[in-house]
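Tertiary structure, described
Residue-level listing of the chains:
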Amino acid sequence: MSASAPLSSPAAPLFTGRFFLMCGFTFTVFLSAFQLLPTAPYHILDLGGSKAAAGLFLGFLTYSSAFSAPLTGSLADRLGKRRVLVVGSVAIAAMSAIYSVLRDYRILLALVLVHGVFWSGLLSASSAYITDIIPPRRRAEGISYWGLSNILAVAVAPQVGFAIYARGWGSVCAATAALNLAMGVIAWRLPADAPAPRRALHHGPLVEWHVLALSVTLFLYSFGYGGITSFVALYADSNHVVPKSIFFTAFALTILVTRPISGPLADRIGHRRVFLPCLGLIVIGLGLLALDGSRRGLITAAIVFGAGLGSAYPAYVAHVMQYVDDSRRGAAFCSILAAFDTGIGTGSVVTGWLAQRAGFSTAYAAAALLATLSLPFFLVTEKRLLRPLAAGARPRPGP
């Protein structure tokens, strides 16, 4: 096998020791992140920041991640994905420790820009690594099952984070640092991947521009996800809903139920046939969230939104990766993550600004309106941007 060849073959098994080790790594990544992300806005408010400033924590993190993605994706291809995972885990552990001693929210927001660079490295390298080891014919299924790791983490992390935050911000940062060190240990135990050959790395730009352009689709709907991640707990608080993490729990449980169905279904009937209805569910979920902030409303919105968002990403990635050369997977994932993270960051910042001036309902209504553009944008641009890799390797056409 050459260094640039994938680590799997169509006949290779999906569930391997390496696959489950990556699931453990990803679970720990998101267990750490989703203790920090929902509690950071509360800490910024405690330090005297506004709601708009509170939204900047996730906004700056994801903007930094998006704009550094071409560099981190390229480094994953050049240096090896496992090495990037180890370094990123240790670096974020160090920054979590620094967060605990900062008393000025403006300095905290400046540091999160550095955090975002290493976060980008974790996402790009882990996505490319898992794609290498998943059999191509089971790609949507494999990504769906792997993605359940982060959903399981999201199901429990916010509650754990708020419970720890009751003991103080320093305790949240200590727990986050410890989890990131555990991530580094898990990444160290992964079998090393061989960097791609130099001639493959110097062929083409750092970014897969056709993938980036098409991934504006993800920007349009991840905007709402950014606003939810930063502010749905505050939205629940404002409506006296207990527990305030109820949306995250219902959202995560919905994805745990739907992904094992949608992933294999996408591989069987076509990725587009699963992806397109998911865009409609995302719009409906955001609309429901804007209309009703009660406990019942939050749960209903979480179920609909979770069914759409949770199944959309695996189907999209599996569809697009049919058109990307193996040696360019890091660059392709950085292009996808750049669009997705820019949407999350923009959604967090703008939702905070709108909530400050017009309320959360208006903010989520704006997110729903923006998400409605995702379906026509994808349909108009897809055929212009995606081309088969070779005449003899044409992907299965969608509907």
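Everything that follows concerns the structure shown earlier in this document.
Here's a quick rundown of the structure. (Residues numbered from 1 in each chain as written. Predicted model: local features only at pLDDT ≥ 70, side-chain atom pairs only at ≥ 80, totals over all residues. Heavy atoms only, no water.)

With that out of the way, let us pick up the packing of aromatic side chains. Following the criterion strictly, the structure yields 24 aromatic pairs and no others. Relative to Trp-119, the ring of Phe-30 lies with its centre 5.7 Å away and its plane at 70°, an arrangement referred to as edge-to-face. Taken together, the positions of Phe-30 in helix 1 (residues 17-46) and Trp-119 in helix 4 (residues 105-133) put the pair 89 residues apart, joining distant regions of the chain. Each of the two residues, Phe-30 as well as Trp-119, counts as buried. (Phe/Tyr/Trp six-rings, centres within 6.5 Å; stacked < 30°, edge-to-face > 60°. Helix = DSSP H or I, 4+ residues; strand = E, 2+ residues; numbered from the N terminus. Buried < 20%, exposed > 50% of the residue type's maximum accessible area, 1.4 Å probe, protein only.)

In this fold, Thr-217 is placed in helix 9 (residues 216-238). A relative accessible area of 0% places Thr-217 in the buried class. For Thr-217, the side chain forms a polar contact with the main-chain oxygen of Leu-214, separated by 2.8 Å. With sequence-adjacent residues up to four places away left out, Thr-217 is seen in contact with Phe-275, Leu-279, Ser-374, Phe-377 and Phe-378. (Polar contact = N/O pair within 3.5 Å; in protein donor to acceptor, adjacent residues only side chain to side chain. Contact = heavy atoms within 4.5 Å.)

Closest axis-to-axis distance for the helix 1/helix 5 (residues 139-165) pair is 7 Å, and the angle between their directions is 35°. Along this stretch, helix 1 crosses helix 5, giving a crossing that reads as right-handed. Counted by class, the contact of helix 1 with helix 5 contains 21 nonpolar, eight polar and one charged residues. (Axes fitted to C-alpha atoms, helices over the stretch in contact; angles between N-to-C directions. Left-handed = near helix turned anticlockwise from the far one by under 90°. Nonpolar A, V, L, I, M, F, W, Y, C, P; charged D, E, K, R; others polar.)

A word on the nonpolar core. Within the largest apolar cluster, 123 residues are counted, with the highest numbers of intra-cluster contacts made by Phe-57, Tyr-99, Tyr-221 and Phe-247. Among the elements that line this core, the one with the most residues is helix 1, at 14 residues. Apart from residues lying up to four places away in sequence, Phe-247 is in contact with Ile-228, Val-232, Leu-289, Leu-298, Ala-301, Ala-302 and Phe-305. (Core = buried A, V, L, I, M, F, W, Y, C linked by side-chain atoms within 4.5 Å.)

Another point: the pattern of salt bridges. This model, assessed by the stated rule, comprises four salt bridges. Arg-138 is the partner of Glu-141 in a salt bridge, and the nearest nitrogen-oxygen pair spans 3.0 Å. When its relative accessible area of 12% is taken as the criterion, Glu-141 is described as buried. For Glu-382, the salt bridge is made with Arg-272, and the minimal N-O distance between the two is 2.8 Å. (Salt bridge = Lys/Arg side-chain N within 4 Å of Asp/Glu carboxyl O.)

Another aspect to go through is a nonpolar patch on the surface. Taken together, the side chains of Leu-71, Leu-75 and Leu-79 define a hydrophobic patch exposed on the protein surface, amounting to about 240 Å² of accessible area. Checked against the element boundaries, Leu-79 lands in helix 2 (residues 51-79). (Patch = residues over 30% accessible without salt bridge, like charges linked within 9 Å, V, L, I, M, F, W, Y side chains within 5 Å. Areas by Shrake-Rupley, 256 points an atom, 1.4 Å probe, with all protein chains shown as cover.)

Let's shift gears to unusual backbone geometry. Across the junction of Val-242 and Pro-243, the peptide omega takes the value -5°, indicating a cis bond. On the secondary structure map, Pro-243 appears in the loop between helix 9 and helix 10 (246-269).

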